[in-house]
Amino acid sequence: KEDRVLRPGVTIAVALGLGYAAPPHGLSAQSPAPRAVADLIPPNGLATRRDSFTVLVQGVELGWIQSSLERTADGYRYQERTRLGQFVEQDTEVTTDERLRTRAITQTGKVQGEETRIGLAVDGGRIRGSAVTPGPGGPRTVEIDTVMTEAALDDNLIQTVLPALPWDTDTTFQLTTFSSGSGESHPVTLTNQGRDVVEIGGRETECYRIRLEGGDQQVTFWVTVSGPRRLMRIVIANSPVEIVRASP
């Protein structure tokens, strides 16, 4: 679905016309009843961070993604910048409370020359605003006014949360995610499928291989086994896109 919210990997797939559907938000741990992500993360597990990734298409560098998570007086602020050649430029900001519940989402940018933007805010348990996202027939505007559940996690935060979850062999988490590009919530599953050695810049690092399922395509993430845990690599199934950490 090409009109979904743009995120690392999703941005690239949209720009290249790969038809990727953004995964959903919200979290539950091995239980049909969704739980807030804050209940899953160990104390002090979520660290402020700055990450930089290189985007490759069939092994050729196309652009970069830079992101940061910082503490605010009463919550968190996540910021992300994506630049993919002449295809995509995008800036995203998500603010949350202490329990990672969304307060506001803003996104501005261009996809293949077409302007895109998202502006949403939560008030009284509802999230309201609008999203202009790319689609096969040109930009599409969606007016959003829907319930934002306690367990919902904005999908822009999935990759930031991944290293903080208590991964172990065969661990599975059921998630409910919220897509700010469509105003919809969806269930997804994150499964630890084992360990791989990932080589970046000539340096080998042992990582958990984590599969995300629930969208139109699967996404696989590699997160370091040793702490402090870091996201090292992202691969979108059935696409030429690979995202790797800029420095090991």
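The shown structure was predicted, so the numbers you read here are calculated from the model rather than taken from an experiment.

Whenever I open this one, empty space enclosed by the protein confuses me. Can you help?
Think of a ball as big as a water molecule: rolled over the atoms, this probe shows where empty space is left. Applying the stated rule across the entire model yields 2 cavities of 30 Å³ or more. Considered as a void within the structure, the largest cavity measures approximately 80 Å³ in volume. Lining the largest cavity are 11 residues; nearest its centre among them are Asp 51, Phe 53, Ser 67, Gln 159 and Leu 231. Taken together, the elements giving at least two residues each to the lining of the largest cavity come down to β2 (49-57), β3 (60-71), β4 (75-84) and α2 (158-161). Of the residues belonging to the lining of the largest cavity, the class tally is 6 nonpolar, 3 polar and 2 charged.

Can you walk me through unusual backbone geometry in this structure?
Glycine aside, a negative phi is what most residues show, and trans is what most peptide bonds show. In this structure, Pro 228 follows Gly 227 across a cis peptide bond, with omega equal to -10 degrees. Mapped onto the secondary structure, Pro 228 falls in the loop between β14 (219-224) and β15 (231-236). Backbone geometry at Gln 58 places phi at a positive 50 degrees, although glycine is not the residue there. Along the chain, the position of Gln 58 falls in the loop between β2 and β3. Phi is positive for Gln 112, which is not a glycine, with a value near 50 degrees. Along the chain, Gln 112 turns up in the loop between β6 (102-111) and β7 (114-123).

What should I look at first to understand the nonpolar core in this one?
Burial of nonpolar side chains together is a common tendency in soluble globular proteins. Ranked by size, the top nonpolar core spans 50 residues in total, and within it Ile 41, Leu 100, Val 161, Leu 162, Leu 165, Trp 167 and Leu 190 carry the most contacts. If you look at the next biggest cluster of nonpolar residues, it comprises 7 residues, including Leu 56, Val 198, Ile 200 and Val 244.

Teacher, can you tell me more about the pairing of strand β5 (residues 88-97) here?
Where a strand is regular, its side chains alternate between the two sheet faces. For β5, a buried count of 7 out of 10 residues is recorded, marking the element as mostly surrounded by other parts of the structure. As paired elements, β4 and β5 share 10 bridges and run antiparallel to each other. Considered in β5, the bridge of Tyr 76 is made with Thr 96. Between β4 and β5, which pair antiparallel one after the other, the connecting turn spans 3 residues, and Gly 85 there sits at a positive phi close to 50 degrees. In this structure, β5 lies alongside β6, joined through 9 bridges in antiparallel fashion. Its bridge partner being in β6, Thr 92 is matched across the sheet by Gln 107.

Basis of the calculations
- Residues numbered from 1 in each chain as written.
- Predicted model: local features only at pLDDT ≥ 70, side-chain atom pairs only at ≥ 80, totals over all residues.
- Heavy atoms only, no water.
- 1 Å grid on protein atoms, 1.4 Å probe; cavity = no way out; pocket = protein on both sides within 12 Å on 5 of 7 lines; lining within 4 Å.
- Points joined across faces, edges and corners; volume = space filled by probe spheres on them.
- Helix = DSSP H or I, 4+ residues; strand = E, 2+ residues; numbered from the N terminus.
- Nonpolar A, V, L, I, M, F, W, Y, C, P; charged D, E, K, R; others polar.
- Core = buried A, V, L, I, M, F, W, Y, C linked by side-chain atoms within 4.5 Å.
- Buried < 20%, exposed > 50% of the residue type's maximum accessible area, 1.4 Å probe, protein only.
- Pairing = 2+ DSSP bridges.

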